Amino acid sequence: MLEKGHVKEIIKSPYLLLVPALLFYLIFWFVPVATSLYESFTTISGKVGLNNFILVLQDSLFLDAFVNTLIFALLSLLLQFALALGIAVLVNQNFKGSKLFLFVILIPMALPPSAIGILWNTGLVESGWINSFLATSGIQNVLEALGILKGPTLWKAVSGLEAVMTLIIIDTWTVMPSVMIIILAGLQNFNEEYKEAAQIFGATKWQAFRDVVIPIIKPSIVTALLLRLISGLQVWLIGVMLFGFNNVPFLVERIVYYTDKVRTATNSYKMANAYSIFTLGHVFTVAFLFLRVTKDKKEGAK
Amino acid sequence: MSYLKLENVKKVYNNKVTAVDNFNLEIEKGEFIAFLGPSGCGKTTTLRMIAGLESVTHGDITLEGKSIVGLTPRERGISMIFQSYAVWPHMTVYENVAYALKLRKLKKADIDEVVQDVAKTTDIVQYLNRYPSQLSGGQRQRVAVARAIAVKPKLFLMDEPLSNLDAKLRVSMRTDLKRIHQNVKSTSIFVTHDQSEALSLADRIVVMNHGVIEQIGTANEIYHESETMFIAKFIGSPASNFFVVNVILEDGEVYLVHDDFKVQFNGQEKDVLIKNYLDKSVVLSIRPENFTVNKGGFIKAKAKIIEPQGSHIIINTDIGGEEIKIVSDLLELESGENILLGFNDKVLLFDSETEKRIK
Amino acid sequence: MENILKKTILYLVIVFISLSVLIPLSYLVTISFSSQIEVNDYPKKMLPSLYHNIAIKWDAENQNYIVMRENNEGIFKELYISSKYDKIRDYMKTQLNIDMTTERIEKDFNVAKDTGEIVEYKYYKSFFNNYIKFFTVFSGAEKALINSIKAALITILISMSIGGAVGYALARTSIKKKEAIRIGSLIVRMFPMVSISVPMAVLLVRYGLFDSMLGLAIVYSIPNIGLTAAITRSIFIGVSKEYEEASLVFGATEAQTFRKITFPLVLPAFAASSMYAFITAWNDTAVSLLLTNKNETLALLIYKSIGGASSIHYAASGAIVLILPALVFTFLLKNYITQMWG
């Protein structure tokens, strides 16, 4: 009887529920990550060292990729956050039609990346819809009269910083709603009486917003910021879809570029792995920050 | 001239729903007023209009003779305790109390003095450096009170401040609020749906229902001279009992006739009854404690259920199909016994159409 | 007065923001319904047209029909010259999305020939022509669609079974290290799959899963298992144990309790996490780019079609096909979005 009960206990152990997940992550996540780490520190001949990172530093596009990634991540973060906060506050006022407005602005968030690629490619080409819109709406004429533009703009002919800016704007169009909705959730959970109390006790609307609303919804704001930071640092697809490989290099774009070239070039394998260390580094940093913030949030809610 | 005056105040939401209508009230300096009524009666809306958190659709509110309609909350010189206390979670207790003073650009030393002073009054000195999340509900409540009295407001508003506390704490906070009010002598308005809070705290009570004032008066006036059937029903626990009776005149005497009893009426309303209500039906309202049991009565009934309360009992019976509750000190009475009921002269009569008291 | 001004400004801002979302989308939809000729129009129209205004002139000298079309500025421009009705028919079909029989063309065009005057007709486009064309012109589009659905379904299956178990364990059992599990799943979710795609490819080749939908689904499940666990956990916590205990007290067996009480209550969470899994798989381009060879998904096919300028209207219809399910599911999930990183 005792034996049987013991067996039954093992079968019923709650830890068994975790076994499939652990196995899955061991095989399909831990092994590739460890391999990637190992490969990045060994040469093709098997020698351990920092050779691959030297290769990366010698990559003619490394510096561009590094700078572009940084600019993109920080500027898009700023722009998206400012817009998202403004729009979240707007939607939260529950004006007539705010539900419909929310529905409309959430649409870009739902679009698959390759559809976004098609959408903006059809826009950026010379006879594309962006120039069409400028022409039919008369904005083109105004800008030409002001001397800002001369004839249809060649959006795709830009490079360097201008291309990064174009990508920032397009990225903002796409992901601003996902930042906004996190902040909005924070605002909707916010007890209005906190704000009213501040106003009663002598704060102006702006003071109440700055001293009470923002600090109280801070966890939502930081969550949104960190999530955007991480996806900003991982940008590549939109750049490749609009400008192709190598033209607007980003760090993750380098990984994909070298991964895709594995079949033809010998060093690519090592290059891709060495670039991957960068993602490892930033993911752990941001995850660490994120956990600290969400921990505060939990303690605050006690 | 009265300190705070509300004249014909009206609030309409979205051009459709009238939340408050025809609200007239004058409050003297230092008075403690309670707005009492069931949920949705407009009491909180009225308070928020005084606070400036809701706009006034129509009418005027004057404080110290000056209209405050159109002023922002911060310009009104008031303070408020919220139902959720709204003690800011990201500030320490000290910062919570000091925030309003900082906004008033007081010197650091002065702020400190005021904070320490009100902390003593409200008994929160030992919590000043804690965050609200580290405090119990009752302690947060005290912080809210401290914050509110620190600014020396012209008007002290409270929106159901005790409703989130458990029953025992509620009673002791009630006493504290009364004590603080007596110390500070601030003019206060207190919104509640709990009649015992209103009756025990307020100098005068404003009873509201469906957005209009039913009666303004002291606890005694409201209880014993209820102006409307609504108040007789709403105030008192158990509530008043009602009988529909016919008024007839026999041999120059007025009688109230019910299926189960017929009683001669000699109250002061007698002349009005003769003048306006002969051969008509009126509503007779009798408070549970105004019945006499087995002391020479004229209504035969049966004690169906007895609810002992320690000091007294509540007898449930029925007269002519109506559920009647009676408070009695016959502690030995058992359910099923036949009883003989009468009532004293503290009865009220209501017009069965308008539901207003006949007087 | 001040109020009215404020309101006006508010609504102007709202209209401006809404338009900046809707105008690009409107153009994309228009392009997806455009004929080849309209694709080359400049400036392009913002809203789709239902028909073309066609004018026909008989050139007696060269014995030819001249086919003209009214462009966006209302001017008739010469498009095509031919005397052969079937050639005209093919031209109208491929370039103008107008599907007509040769007999009808002969009858209509003869009017111009007989009268010697320019004759105008309003011909309706066959509206979904591009959508049909997308699946015929793009080789493998149909297969790619099936692949996408397949990958999505397998992803749902894997993440639900593995993640649902973890979610249940987190919510209802007293296992330790719950915090460690949460942190682990968070780091995994933040980790971009492309950065480990090289060793992943090697791994998949070793198990014979490279270029297969099962292989893709496994990679998609990596972030999704954690997410499913988080969502199902919150729901299992939300469904009070007392509901189940009440059912047991009233005489139901444990199996009946699960079937009649627990399962219906947690169903919405499972539906939500299934939709998440679906969207992950359906929307992905990066992973399938790196881990497939011949077996494309629909999103990858669209990605690859970006370069081809001549068939951009077909690619646009493909993009719309890709967008619709993603859009529907995202909106069904709106209320769960904020839970994702809780």
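Residues numbered from 1 in each chain as written. Chains lettered and ligands numbered in written order. Predicted model: local features only at pLDDT ≥ 70, side-chain atom pairs only at ≥ 80, totals over all residues.

1. A word on the overall build of chain C
Next, step 1: A count of helical and extended segments in chain C gives 14 helices and four strands.
Next, step 2: In chain C, buried positions account for 42% of the 342 residues.
Next, step 3: When contacts within chain C are restricted to residue pairs at least 6 apart in sequence, long-range pairs at least 24 apart make up 68% of them. (Helix = DSSP H or I, 4+ residues; strand = E, 2+ residues; numbered from the N terminus. Buried ≥ 20, exposed ≤ 12 C-beta atoms within 10 Å, placed from the backbone. Contact = placed C-beta atoms within 7 Å.)

2. Here we look at the sheet that holds strand 2 (residues 17-27) of chain B
Remark on secondary structure: sheet strands pair via backbone hydrogen bonds, oriented parallel or antiparallel.
Residues and elements named next belong to chain B.
Next, step 1: Read from one edge of the open sheet, four strands run 2-1-4-5, paired in antiparallel fashion. Edge positions in the open sheet fall to strand 2 and strand 5 (66-67), since each of these has one partner strand only.
Next, step 2: For strand 1 (residues 4-13) and strand 2, the ladder comprises seven bridges, and the chain directions are antiparallel. Its bridge partner lying in strand 2, Leu4 is registered against Ile27.
Next, step 3: Contacts from helix 1 (residues 43-51) reach strand 1, strand 2 and strand 4 (58-63), with the element oriented near 65° to strand 2. (Pairing = 2+ DSSP bridges. Axes fitted to C-alpha atoms, helices over the stretch in contact; angles between N-to-C directions.)

3. Some words on the interface of chain C and chain A
Next, step 1: Each partner contributes to the interface: chain C provides 63 residues, whereas chain A provides 68 residues.
Next, step 2: Per-element accounting of the side of chain C that touches chain A gives the leading share, twelve residues, to helix 1 (residues 2-32) of chain C.
Next, step 3: Residues that form the side of chain C that touches chain A fall into these classes: 53 nonpolar, eight polar and two charged. (Nonpolar A, V, L, I, M, F, W, Y, C, P; charged D, E, K, R; others polar.)

4. Brief notes about the domain arrangement of chain B
Residues and elements named next belong to chain B.
Next, step 1: We note that the domain assignment places domain 1 (4-234) and domain 2 (241-351) within chain B.
Next, step 2: Once you take the C-alpha centre of each, domain 1 and domain 2 turn out to be 39 Å apart.
Next, step 3: Contacts between the two partners involve four residues from domain 1 and, on the opposite side, five residues from domain 2.
Next, step 4: Here the side of domain 1 that touches domain 2 is composed, by residue class, of two nonpolar, two polar and no charged. (Domains from an automatic or database assignment.)

5. Description of the interface of chain A and chain B
Next, step 1: Counting residues at the interface gives 17 residues for chain A, matched by 19 residues for chain B.
Next, step 2: When residues of the side of chain A that touches chain B are traced back to their parent elements, those giving at least two are helix 10 (192-200) and helix 11 (205-216) of chain A.
Next, step 3: With six residues, helix 10 of chain A is the single largest residue contributor to the side of chain A that touches chain B.

6. Brief notes about the nonpolar core
Next, step 1: Ala34, Ala150, Leu157 and Val206 of chain B together with Ile302 and Ala319 of chain C are the most contacted members of the largest nonpolar core, which totals 262 residues.
Next, step 2: Considering each element in turn, this core owes the most residues, 14 residues, to helix 9 (residues 213-238) of chain C.
Next, step 3: Beyond its immediate chain neighbours, meaning those up to four positions away, Ala34 of chain B contacts Phe190, Thr192, Ala198, Leu201, Ala202, Ile205 and Val206 of chain B. (Core = buried A, V, L, I, M, F, W, Y, C linked by C-beta atoms within 7 Å.)

7. Description of the packing of helix 10 (residues 241-249) of chain C against helix 11 (residues 254-283) of chain C
Residues and elements named next belong to chain C.
Next, step 1: Contact pair helix 10 / helix 11: the axes reach a minimum separation of 10 Å and the direction vectors enclose 160°. Taken together, the axes of helix 10 and helix 11 are roughly antiparallel relative to one another. Both helix 10 and helix 11 take part in a crossing whose hand is right-handed. Contacts between helix 10 and helix 11 involve Tyr243, Glu244, Ser247 and Leu248 on the former and, on the latter, Thr257, Lys260, Ile261, Thr262 and Leu265. (Parallel < 35°, antiparallel > 145°, perpendicular 65-115°, else oblique. Left-handed = near helix turned anticlockwise from the far one by under 90°.)

8. Side note on the environment of Lys262 of chain B
Residues and elements named next belong to chain B.
Next, step 1: Mapping Lys262 onto the fold places it in strand 13 (residues 262-265).
Next, step 2: By C-beta crowding, Lys262 is classed as partly exposed, having 15 other C-beta atoms within 10 Å.
Next, step 3: Residues within four places of Lys262 in sequence aside, it is in contact with Tyr255 and Val257.

9. Side note on the domain arrangement of chain C
Next, step 1: According to the domain assignment, chain C consists of domain 1 (2-32), domain 2 (50-126) and domain 3 (134-341).
Next, step 2: Measuring from the centre of the C-alpha atoms in domain 1 of chain C to the corresponding centre in domain 2 of chain C gives 39 Å.

10. Points about helix 2 (residues 19-40) of chain A
Residue and element names in this part refer to chain A.
Next, step 1: Relative to the 32 Å expected for 22 residues at 1.5 Å per residue, helix 2 spans 30 Å between its end C-alpha atoms, a close match to the ideal helical length.
Next, step 2: The largest bend along helix 2 measures about 40° and falls at Leu26.
Next, step 3: Of all the residues in helix 2, the buried ones are Ala21, Tyr25, Phe28, Trp29, Pro32, Ser36, Glu39 and Ser40. (Expected span 1.5 Å × (residues − 1). Bend = angle between axes of the 7 residues up to and from the residue.)

11. Comments concerning unusual backbone geometry
Comment: phi is negative for the bulk of residues other than glycine, and the bulk of peptide bonds are trans.
Next, step 1: Of the consecutive residues Ser237 of chain B and Pro238 of chain B, the connecting peptide bond is found in the cis state with omega at -5°.
Next, step 2: Mapped onto the elements of the fold, Pro238 of chain B is located in the loop between helix 8 (229-234) and strand 11 (241-250).
Next, step 3: Residue Pro43 of chain C follows Tyr42 of chain C across a cis peptide bond; omega there is -5°.
Next, step 4: Counting through the fold element by element, Pro43 of chain C comes out in the loop between helix 2 (36-39) and strand 1 (51-59).
Next, step 5: With a phi close to 70°, Asn246 of chain A is a non-glycine residue in the positive phi region.
Next, step 6: Of the residues examined, Asn246 of chain A has 14 C-beta atoms within 10 Å and is grouped as partly exposed.
Next, step 7: Positive phi outside glycine occurs at Asn15 of chain B, with the angle close to 60°.
Next, step 8: The residue Asn15 of chain B is located in the loop between strand 1 and strand 2 in this model.
Next, step 9: Judged by C-beta crowding, with 7 C-beta atoms within 10 Å, Asn15 of chain B ranks as exposed.

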